[in-house]
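Secondary and tertiary structure notes
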Amino acid sequence: MNKLLLLILILIIVIYINYYNKYNNKFEILQLTSDKFKQNILHEKLPILIEDPISNVNDFIYVLLTYEYIFKKDHKYTKNILSNNINENLAYHLIIYNSNENTIPIYISHPKYSSKFKFNKHNSYYYRISDYKVDDKENINDTQFVKINIKPKQLLILPSYWLFYLNTNTDMYFLYGIFNSLISFSKICI
């Protein structure tokens, strides 16, 4: 009986990890206002741009994303030596919030293109950093990147494994579940 319970538990974990590692094959960006935003939209695993200004991101996360994470980490993304590199999101959801007074450009790409980039040892726990330095924003390693201009107080929700390039100071909020914390840890260690 104990072996059967253990087998069922292992099967459930394998199914969950398999579901978590899948991403949507479509390359779409959903644009919504916060009143149209529903949690089931997050399971589409597509980037979501919230069009209306959000004055308090923590309230937005607490009210609309309560059941989507167990751990939340705030991070002030600042320009540095590695800012010109392509990054891969490791969190279940990455919220990029424009706290600046000007519009900021963010370039995003589908996870299926991650094999075109070699990720280095300068990884953060929140995202992997590639060796590829962006010189020409119009042609990033012959990969389809979409430029999104985020106005002040707007936010972008980026699902797991999506690639992004950002070269300005901004606020980031990483939302983690238990399994994706373990997967993130394993990806930065390998």
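Residues numbered from 1 in each chain as written. Predicted model: local features only at pLDDT ≥ 70, side-chain atom pairs only at ≥ 80, totals over all residues. Heavy atoms only, no water.

1. Examining a nonpolar patch on the surface
A cluster of nonpolar residues, Leu 6, Leu 9, Ile 10, Ile 13 and Val 14, forms a patch on the protein surface that exposes about 430 Å² of accessible area. Looking at where Ile 13 falls in the secondary structure, it is placed in helix α1 (residues 2–21). Exposure remark for Ile 13: the relative accessible area of 30% places this residue in the partly exposed category. (Patch = residues over 30% accessible without salt bridge, like charges linked within 9 Å, V, L, I, M, F, W, Y side chains within 5 Å. Areas by Shrake-Rupley, 256 points an atom, 1.4 Å probe, with all protein chains shown as cover. Salt bridge = Lys/Arg side-chain N within 4 Å of Asp/Glu carboxyl O. Helix = DSSP H or I, 4+ residues; strand = E, 2+ residues; numbered from the N terminus. Buried < 20%, exposed > 50% of the residue type's maximum accessible area, 1.4 Å probe, protein only.)

2. Side note on unusual backbone geometry
One non-glycine residue, Lys 45, lies in positive phi territory at about 55°. With respect to the helices and strands, the residue Lys 45 is situated in the loop between α2 (39–42) and β2 (48–50). Accessibility expressed as a relative area gives 12% for Lys 45, which makes it buried. A positive phi angle, close to 70°, is found at Lys 153, a residue other than glycine. Of note, Lys 153 is situated in the loop between β8 (146–150) and β9 (155–159).

3. Quick look at the pairing of strand β4 (residues 85–89)
Buried residues dominate β4, accounting for five of its five residues. Relative to strand β7 (residues 127–133), β4 runs antiparallel, the two sharing four bridges. Its bridge partner being in β7, Asn 85 is matched across the sheet by Lys 133. As paired elements, β4 and strand β10 (residues 163–165) share two bridges and run antiparallel to each other. Residue Asn 87 lies in a different strand from β10, and its bridge partner there is Phe 164. (Pairing = 2+ DSSP bridges.)

4. Overview of the sheet that holds β10
Read across the sheet, five strands follow the order β7-β4-β10-β6-β8 without closing on themselves; strand pairing throughout is antiparallel. The open sheet is flanked by β7 and β8, the only strands paired with a single partner. Here the strands of the sheet are splayed against their neighbours by 30° on average, with no regard to which way each runs. (Axes fitted to C-alpha atoms, helices over the stretch in contact; angles between N-to-C directions.)

5. A few points about the packing of aromatic side chains
This model, assessed by the stated rule, comprises four aromatic pairs. For the ring pair Tyr 107 and Tyr 165, a centre distance of 5.7 Å and an interplane angle of 45° mean the geometry is tilted. Taken together, the positions of Tyr 107 in strand β6 (residues 104–109) and Tyr 165 in strand β10 put the pair 58 residues apart, joining distant regions of the chain. Of the residues examined, Tyr 165 reaches a relative accessible area of 2% and is grouped as buried. Where Phe 117 meets Phe 145, the ring centres are 6.2 Å apart and the plane angle is 85°; that geometry is what we call edge-to-face. Taken together, the positions of Phe 117 in the loop between β6 and β7 and Phe 145 in the loop between β7 and β8 put the pair 28 residues apart, joining distant regions of the chain. Its relative accessible area of 15% is what places Phe 145 among the buried residues. (Phe/Tyr/Trp six-rings, centres within 6.5 Å; stacked < 30°, edge-to-face > 60°.)

6. Thoughts on the environment of Ile 129
Counting through the fold element by element, Ile 129 comes out in strand β7. Sequence-wise, Ile 129 and Phe 119 are 10 residues apart; in three dimensions their C-alpha atoms are separated by 5.6 Å.

7. Comments concerning the side chain of His 110
With respect to the helices and strands, the residue His 110 is situated in the loop between β6 and β7. For His 110, a relative accessible area of 0% puts it in the buried group. From its side chain, His 110 meets the backbone oxygen of Lys 26 in a polar contact 3.4 Å long. Apart from residues no more than four positions distant in its own chain, His 110 is found in contact with Tyr 23, Asn 24, Asn 25, Lys 26, Phe 27, Trp 162 and Leu 163. (Polar contact = N/O pair within 3.5 Å; in protein donor to acceptor, adjacent residues only side chain to side chain. Contact = heavy atoms within 4.5 Å.)

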